[in-house]
Amino acid sequence: MRLGLICDGQTGQRASELLAGALQPHGAEMTLFSGTPPQDSALGWLPLEPLAAAANPLLFGFDAVGVFLEGEALAQVPRIHRQAATLHQQQPVTLFSGPMRPLYGDALSADLLARLDYDLLCLQGDMQVQHLQWLLRGTDYEQKPSIAIGLWCLPTHPVGHRPSQQPLLVVLDQPQIPASPLTNAVLYERLCNAARESPSWLIRLQPDGPLAADPTADPSTWPETSLCWHHHQDRKPPANLQLGQADELAWSVAQASACLGLGSDWLLPAVIWGKPTLVLGDYGIRTELNGPLFFSSGLMQRLVDCLPLHEKIPALPAANPDWLDAIGWAVADGPQRLLLKLQDQQP
Amino acid sequence: MTNHHLLLIADSDSQLLACQALAQALRQCGACVTINAIPREGTPQAVIDALKRGGELWSQTKAQLLRDRRLADFSAIGVYLAGSKLAEFRSSYHRSCDQRQREVLPLFCGFNGVVLERFEEAIAWRLGYDLICLNGPRDQARLEQVLRHTPFAAQHTVLTGLSRQGGQAPAAPPQVQPQMRERQLVFAEQVVMPSKPGERRRMVQLLARLAQRSPHWQVVIKPRVAPHEATFHSVDTHIADTLREALGSLPANLQLSYAPLPELLRQSRLLATVSSTAFFDALDLGCQPVLLGDFGLRQDLGTPFFAGSGLVRQLGEAEDLDALEQGLTIDPAWLHWVGYHPDHSVANLLAALERRGEQRPDATPLKPSGYVVNAGDLSTNQLRCGAENAISCRDYAEAERLLEVALLQRPDNRNIRRRLQAVRYSNRLLRRLALLASPAFRL
């Protein structure tokens, strides 16, 4: 099959490149339409922005096109493509799309509702499938085709890095979450205490996304809602509390002895790579912290119950396997399932 | 059959209104019901007056209630408060029963109207209640999905329906007789749906243009609250100000009305709303509801809940209100799914309470390792209460643990910080002085 992927933004680009990489070994011929070239130079790439790609007659040469965008362009692409098809007297190609992050609850509803104009929805696991059925029951969209293809949007393949020699706790810092600088300040203070209480451990504050559009930007311009900003402001941080680089995220997680976060997507690769993982439960289940996704994970703990690290981290409970299966880990043949479904969708 | 003697506890206006309807329905089923309206600034007097007219009304604070010996006379207590207060009440009530060696009554809680967002959070605050009242199969399906893989999957629930005016929803969709009513559309405004000022202006413009295209109709906007009143959500710009900003002068047949909603619904042919629970009040009172679909299906507007109703219309595209009124047929399967059906009524609650009276199952523990629920003494007030208890028992390590969590939640609270600093002193004299100098927390 010849498949195109229209994407933009860091999340869309990463997800599309992962999907292309997963589909290629199964015989799909992949082309990315994006403003930024893919990391894998062997991947077909056309430097077209999303709306220009949607109107481009090149699209009629594909069997199907995946669209992984955020914002208004997501709704505009199907409209533009169908209009272009009318003008060119062509059949529109099958357009597919789906959540580019592991979402659940209100965030998943909002994400899915914005994609109802697409011909096929790519979901991750049974939790999302059931949510979609619940959300659309009795509506005009009840029969919307969908397919669960696993945790396709995150790196889950084994990685080659060895864990750090010194015990390393990677704290996944979401630059905009929690949304209050003061909350981040208190959490930072607690992590400093944790570092002092466990001098044999290294604690790395690892941003799970860019802290600034320009990677060389002065750290004082980083968001005050990031732990990294607070570390930068601290004149005497503990010696065993250090900063990770945004572009070393995957490497950092792979190197970790354990991972901690509030609701970062990167907690899932950590779980899958077998890292003891801790979802900070001090704030309870809160929608804005991705709490609904981790509610049944079995990984939530209060920070105070995990200290000192050398005693408590080895005793952390493993992830609830039913939850892990339901969020998509049980789907082992996602790329094949998508290709088969797209073949079924062909006019 | 048991004689049910129930206490319903609520504070905000919307919860009091929900309790009023619940009490009315319970009384029709033969239960004896008392409502306790926890005193709260901004509660409309009209709501309090209506509660007084309906039956016995108390107005005690939570602390006064917990001390009240008459609590033992009830057979169950229904609690209709915001999430954190729900959990606090359950926890304080159980502690109070322990201290006073009183029998623990079954506790139930529910939702005041349709649940449009943050369902998981809402359930995480309600876990541990003997019964959670849900509106209908839609909510039950959601709850089962949320709890399926957790240790809380056995949480008991009961479907009590969405009938709002104290009666039972009819088996067939209600028939509206338009000829008996005025050519009037009442619009039930919501303070945060939509929330963006630009969209709120567009919303009133849609209504104004529809009014202009329908000169033989009256269009009445019913604000959710009067300018001086309070509700759960804070309001930056009252709808009266939005109307002035967006329209300048109003069409002659468009007006704001602060008359009680049931009164407006009894006289109007149509109710329009984005996603208000008033939709079900309209059904109860024989007014034809229609949903404003001009903003699309959006989670932040609550519109997906109503998408299957068959009543979503684009007001901007309607020729006039006569045309809009035609062909509005509600889907009975959807009504059943969301809970507006005689299968789902307070009779289910009474039957469930009766069954539980016969056999009290053990409560599911709320703090299994690896799971955190909001109801597990995780509200800031609960944490602070727990810390004060620990301080009184000289368990300073536990007090420190609880205050650290409380400070994470409320980093701007200086009293928590001062109390935390005090318990951290290892020197007994310094700790004692610091504790004396920092205010202790009391609910």
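Quick note: structure is the one above.
1. Some thoughts on the overall build of chain B
Check the secondary structure of chain B and you find 17 helices and 13 strands. A compact globule built from 443 residues should have a C-alpha radius of gyration of about 22 Å, and chain B, at 24 Å, falls within 12% of that. Projected onto the principal axes, the alpha-carbon positions of chain B cover approximately 80 × 55 × 45 Å. Expressed as a percentage of the 443 residues in chain B, the buried residues total 56%. Sequence-distant contacts, at least 24 apart, represent 68% of the contacts inside chain B between residues at least 6 apart. Per element, the accessible surface of chain B, about 19000 Å² overall, is 47% carbon and sulfur.

2. Some details on the interface of chain A and chain B
Taken together, the 46 residues of chain A in the interface contact 45 residues of chain B. Carbon and sulfur atoms supply 57% of the area buried between chain A and chain B, which totals about 3900 Å² over both sides. The interface formed by chain A and chain B contains 4 salt bridges. Breaking the side of chain A that touches chain B down by element, the ones donating at least two residues are α4 (106–113), α5 (126–136), α6 (181–197), β13 (300–301) and α12 (321–329) of chain A. Broken down by element, the residue count for the side of chain A that touches chain B peaks at 7 residues, all from α6(A). The residue makeup of the side of chain A that touches chain B, split by class, is 20 nonpolar, 16 polar and 10 charged.

3. Re helix α4 (residues 83–100) of chain B
Residues and elements named next belong to chain B. Compared with an ideal rise of 1.5 Å per residue, which puts 18 residues at 26 Å, α4 spans 26 Å between its outermost C-alpha atoms and is within 8% of the ideal. By the burial criterion, the buried members of α4 are Gly 83, Leu 86, Ala 87, Glu 88, Phe 89, Arg 90, Ser 91, Ser 92, Tyr 93, Ser 96 and Cys 97. Where α4 is buried, its residues touch β1 (5–10), α3 (62–67), β4 (76–80), β5 (107–109), α5 (119–126) and α14 (380–392).

4. Observations regarding the pairing of strand β9 (residues 202–207) of chain A
All names here are of chain A. Counting buried positions over the 6 residues of β9 gives 6, a clear majority of the element. Here β9 shows no split at all, with Leu 202, Arg 204 and Gln 206 on one side and Ile 203, Leu 205 and Pro 207 on the other all buried. Pairing geometry for strand β8 (residues 168–173) and β9, over 6 bridges, is parallel. Pairing of Leu 168 across the sheet is with Leu 202, part of β9. Handedness of the crossover joining β8 and β9 through α6 is recorded here as right-handed. The β-α-β motif built from β9, the intervening helix α7 (residues 227–233) and the parallel element strand β10 (residues 241–243) has right-handed crossover chirality.

5. Overview of helix α7 (residues 197–213) of chain B
Relative to the 24 Å expected for 17 residues at 1.5 Å per residue, α7(B) spans 24 Å between its end C-alpha atoms, a close match to the ideal helical length. Among the residues of α7(B), those classed as buried are B:Glu199, B:Arg200, B:Met203, B:Val204, B:Leu206, B:Leu207, B:Ala208, B:Leu210 and B:Ala211.

6. Topic: the side chain of A:Asp106
Structurally, A:Asp106 can be placed in helix α4. One buried charge, A:Asp106, has no salt-bridge partner; the nearest side chain with opposite charge is B:Arg118, at 5.4 Å. Leaving out residues up to four positions away in the same chain, A:Asp106 has contacts with A:Thr287, B:Glu117, B:Arg118, B:Glu120 and B:Gln299.

7. Points about the packing of α14(B) against helix α16 (residues 414–424) of chain B
Each pair of packed helices gets described by two things: the angle between the helix axes and the distance between those axes. All names here are of chain B. For the pair α14 and α16, interaxial distance at closest approach is 12 Å and the crossing angle is 30°. In terms of orientation, α14 lies roughly parallel with respect to α16. Where α14 crosses over α16, the handedness of that crossing is left-handed. In this structure, α14 uses Thr 380, Arg 384, Glu 388 and Ile 391 to contact α16, whose residues at the interface are Asn 415, Ile 416, Arg 419 and Val 423.

8. A closer look at the sheet that holds strand β12 (residues 277–280) of chain A
Residue and element names in this part refer to chain A. Strand order in the open sheet formed by 6 strands is β10-β9-β8-β11-β12-β13, and the pairing between neighbours is parallel. Across the chains shown, the open sheet's two edge strands, defined by having one partner strand only, are β10 and β13. In terms of strand pairing, β9 meets β10 through 3 bridges, oriented parallel. The residue of β10 that forms the bridge with Leu 205 is Leu 243. On the sheet, α6 packs against β8, β9, β10 and β12 and is oriented at approximately 150° with respect to β9.

9. What about the environment of B:Met180?
All names here are of chain B. Mapped onto the fold, Met 180 is located in the loop between β7 (157–159) and β8 (182–188). Overall, the relative accessible area of 64% leaves Met 180 in the exposed class. With 87 residues separating them along the chain, Met 180 and Gln 267 place their C-alpha atoms 8.6 Å apart.

10. Topic: the sheet that holds strand β10 (residues 254–256) of chain B
Pairing between sheet strands relies on hydrogen bonds along the backbone, with the strands arranged either parallel or antiparallel. Residue and element names in this part refer to chain B. If you walk across this open sheet you meet the 6 strands as β10-β9-β8-β11-β12-β13, and the pairing is parallel. For this open sheet the edge positions go to β10 and β13 (312–313), each flanked by a neighbour on one side alone. By the bridge criterion, 3 bridges tie strand β9 (residues 218–222) to β10 in an arrangement that is parallel. Bridge pairing in β10 places Val 220 opposite Gln 255.

11. Re the pairing of strand β6 (residues 120–123) of chain A
Across the two faces of β6(A) the burial is the same, with A:Leu120 and A:Cys122 and A:Leu121 and A:Leu123 all buried. Considered for its hand, the β-α-β crossover made up of strand β5 (residues 94–97) of chain A, α4(A) and β6(A) is right-handed.

12. Brief notes about the packing of α14(B) against helix α15 (residues 396–409) of chain B
Residues and elements named next belong to chain B. One way to put it is that α14 packs onto α15 with a least axis distance of 8 Å and a crossing angle of 160°. Compared by their axis directions, α14 and α15 come out roughly antiparallel. Crossing handedness for the pair α14 and α15: left-handed. For the pair α14 and α15, contact is made by Thr 380, Leu 383, Arg 384, Gly 386, Ala 387, Ala 390 and Ile 391 and by Tyr 396, Glu 398, Ala 399, Leu 402, Leu 403, Val 405, Ala 406 and Gln 409, respectively. Taken together, the residues of the contact of α14 with α15 sort by class into 10 nonpolar, 3 polar and 2 charged.

13. Thoughts on the nonpolar core
Ranked by size, the top nonpolar core spans 207 residues in total, and within it A:Phe96, A:Leu338, B:Ile77, B:Phe89, B:Phe280 and B:Trp334 carry the most contacts. Residue contributions to this core peak at 8 residues, all from α15(B). The contact partners of A:Leu338, leaving out residues within four places of it in the chain, are A:Leu19, A:Leu23, A:Phe96, A:Leu120, A:Cys122, A:Ile147 and A:Ile149. B:Cys19, B:Leu51, B:Leu350 and B:Leu353 belong to the second-largest nonpolar core, a separate cluster that totals 27 residues.

14. Some details on the pattern of salt bridges
The final tally for this structure, using the stated rule, is 27 salt bridges over all chains. A:Arg2 is paired through a salt bridge with A:Glu29; the nearest N and O atoms lie 3.7 Å apart. Remark: A:Glu29 occurs in strand β2 (residues 29–33) and A:Arg2 occurs in strand β1 (residues 2–7); sequence separation between them is 27 residues. For A:Arg2, a relative accessible area of 38% corresponds to the partly exposed category. Residues B:Asp412 and B:Arg410 are paired through a salt bridge, measuring 4.0 Å at the closest nitrogen-oxygen approach. The structure contains a network of salt bridges with shared partners spanning A:Arg190, B:Glu400, B:Glu404 and B:Arg424.

15. Brief notes about the packing of aromatic side chains
This structure, assessed with the given rule, holds 19 aromatic pairs over all chains. The ring centre of B:Trp337 lies 3.8 Å from the NZ or CZ of A:Arg137, which sits over that ring. Taking NZ or CZ as reference, B:Arg126 lies 4.0 Å from the ring centre of B:Phe111, over its face.

16. What to know about the environment of B:Gly357
Relative to the helices and strands, B:Gly357 is located in helix α13 (residues 346–358). As for B:Gly357 and B:Pro106, which are separated by 251 residues in sequence, their C-alpha atoms are 8.0 Å apart.

17. Examining a nonpolar patch on the surface
Residues and elements named next belong to chain B. Residues Tyr 425, Leu 429, Leu 430, Leu 433 and Leu 436 make up a contiguous nonpolar surface patch of about 540 Å² in total accessible area. Along the chain, Leu 430 turns up in helix α17 (residues 428–437). Residue Leu 430 is classed as partly exposed on the basis of its relative accessible area of 42%.

Rules of the game
Residues numbered from 1 in each chain as written. Chains lettered and ligands numbered in written order. Predicted model: local features only at pLDDT ≥ 70, side-chain atom pairs only at ≥ 80, totals over all residues. Heavy atoms only, no water. Helix = DSSP H or I, 4+ residues; strand = E, 2+ residues; numbered from the N terminus. Rg over C-alpha atoms; globule rule 2.2 N^0.38 Å. Buried < 20%, exposed > 50% of the residue type's maximum accessible area, 1.4 Å probe, protein only. Contact = heavy atoms within 4.5 Å. Areas by Shrake-Rupley, 256 points an atom, 1.4 Å probe, with all protein chains shown as cover. Buried area = accessible area lost by both parts, 1.4 Å probe. Salt bridge = Lys/Arg side-chain N within 4 Å of Asp/Glu carboxyl O. Nonpolar A, V, L, I, M, F, W, Y, C, P; charged D, E, K, R; others polar. Expected span 1.5 Å × (residues − 1). Pairing = 2+ DSSP bridges. Right-handed = clockwise from strand over helix to strand, strands pointing away. Lys, Arg positive; Asp, Glu negative; His and termini not counted. Axes fitted to C-alpha atoms, helices over the stretch in contact; angles between N-to-C directions. Parallel < 35°, antiparallel > 145°, perpendicular 65-115°, else oblique. Left-handed = near helix turned anticlockwise from the far one by under 90°. Core = buried A, V, L, I, M, F, W, Y, C linked by side-chain atoms within 4.5 Å. Phe/Tyr/Trp six-rings, centres within 6.5 Å; stacked < 30°, edge-to-face > 60°. Lys NZ or Arg CZ within 6 Å of the ring centre and 35° of its normal. Patch = residues over 30% accessible without salt bridge, like charges linked within 9 Å, V, L, I, M, F, W, Y side chains within 5 Å.

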